[in-house]
Amino acid sequence: MENDEIVSKLGSLLENLDIKSSVDVKSSVDIKSSVDEATDSETANSLECPICLQYPNYPIELDNCKHVFCFLCIKGVCLRISRCPICRAEIPRDIAFAGITENQLLNGTGTKEVSKQSTDAYWYYEGYRGWWEYDSVTGSKIEQAFQSGEHKLNVYLFGYNYTINLDKMQQCREDSTNRVRKILRNEVQMDSDKKGVAGIFSTKNSDK
Amino acid sequence: MAGGLPKRILRETEKLLSEPVPGIDARPDENNARYFHVIVNGPKDTPFESGKFKMELFLPEDYPMTPPKLRFITKIYHPNIDQLGRICLDTLKDKWTPALTIRTVLLTVQGLLSAPNPDDPLANDVAAAWKANETKAIATARQWTRIYAQV
Ligand SMILES: [Zn+2]
Ligand SMILES: [Zn+2]
């Protein structure tokens, strides 16, 4: 079989699967509801990120081909190869390395709202000259672990595993780089020192 | 460990179990959610017909950024599969994209059984034999299926 043929077959398969899978996700909600707290109400929507197979969080549409992904998912791809996972069109490496601004997200903000308890706090990680807020899903996961007194947890972000150490208050990427960053918990939303969310520059109170 | 398994893997697994690929049985190991036991039925009208081919599939740490690792356990006479069961499929190597899934990979493997490609071989001797005398190669493949691929 010709490779191109396989690829194009897969392409059309993927399209069919995409349509189907959004239905599946709905029907399997009952079975696995424990793992899907944050996402299931939204997966009823037909839009699904082809990388995490969930409703896109901080969705971004690629300029050239108009394919839509979570910002964090496409960033993960972009850190490895700067091509669209669906059509292999070239994509700007800036997505991963320079970050984007809020305005570049689809529908302005597109943030997935995770229901916050009144006792919940905001979580940040250290960036160059300031702090990044964790994306809403990861933030609430860390807060949950924090409140139940765990010392450590693992989170999976743009294709890398990170260990969050709640005793040392730092995150560490679990690969050869072992890059460590400080993390921070704040009862209220940080204002002036916050760069944005997870590599997406805030446009509200930044000078950028 | 908290949050060890990415949700995508859970989703894919759920779906593979609730809506299996026709002709393929894939289920995760009881002790390792990243390791799948796979049985592929040889497609109809191929020398692999009525064979049941055991495979193993493993999802590495950074899946889906890197492709699943996949191997035939059952011996198979096929120009694109070597003696160790390794498969020559570019979607499992440089053509991998994270938009592909376990399901699409398994479908591709099924496709490879239906359409052996001796021009892009991994098992060089098999490919050479296949090109030199296709009828004979197909007979051998059929024989191997009868001998080895019966679960
Ligand atoms: Zn995603
Ligand atoms: Zn694209």
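Quick caveat: nothing in here was measured; it's all calculated off a predicted structure. (Residues numbered from 1 in each chain as written. Chains lettered and ligands numbered in written order. Predicted model: local features only at pLDDT ≥ 70, side-chain atom pairs only at ≥ 80, totals over all residues. Heavy atoms only, no water.)

A. Seen up close, the pattern of salt bridges. Per the stated rule, a full pass over the model turns up 10 salt bridges over all chains. Of the charged contacts in the structure, one is a salt bridge between Arg 185 of chain A and Glu 187 of chain A, with a shortest N-O distance of 3.0 Å. A residue is classified by how much of its surface remains accessible, and Glu 187 of chain A, at 54% relative accessible area, is exposed. The closest approach of N and O atoms between Arg 8 of chain B and Glu 12 of chain B, which form a salt bridge, is 2.8 Å. Of this pair, Arg 8 of chain B and Glu 12 of chain B are both found in helix 1 (residues 7–18), four residues apart, which corresponds to roughly one turn of the helix. Accessibility expressed as a relative area gives 3% for Arg 8 of chain B, which makes it buried. Connected through shared salt-bridge partners, Glu 143, Arg 185 and Glu 187 of chain A make up one network. (Salt bridge = Lys/Arg side-chain N within 4 Å of Asp/Glu carboxyl O. Buried < 20%, exposed > 50% of the residue type's maximum accessible area, 1.4 Å probe, protein only. Helix = DSSP H or I, 4+ residues; strand = E, 2+ residues; numbered from the N terminus.)

B. Highlighting the coordination of the zinc ion (ligand 1). Residues and elements named next belong to chain A. Ligation of the zinc ion (ligand 1) by protein atoms is provided by Cys 49 (SG), Cys 52 (SG), Cys 70 (SG) and Cys 73 (SG), these donors lying 2.2 to 2.4 Å from the ion. All donors to the zinc ion (ligand 1) come from one chain, and their sequence spacing reads C-x2-C-x17-C-x2-C. Placement of Cys 49 in the loop between helix 2 (40–43) and strand 1 (59–61) and of Cys 70 in strand 2 (residues 68–70) is noted, with a sequence separation of 21 residues between them. Residue Cys 49 shares its accessibility class with Cys 70, and that shared class is buried. (Donors = N, O, S within 2.8 Å, 3.2 Å for Na, K, Ca; no water.)

C. Representation of the UniProt feature "active site" (unreviewed entry) in chain B in the model. Residue and element names in this part refer to chain B. The UniProt record marks Cys 88 with the feature "active site" (unreviewed entry), using the residue numbering of this structure. Secondary-structure assignment places Cys 88 in the loop between strand 4 (69–72) and helix 2 (102–114). Ignoring any residue separated from it by four or fewer positions in sequence, one finds Cys 88 in contact with Asn 80, Lys 93, Leu 112, Asp 120, Pro 121 and Leu 122. (UniProt positions renumbered as here; feature names shortened; annotations may be inferred. Contact = heavy atoms within 4.5 Å.)

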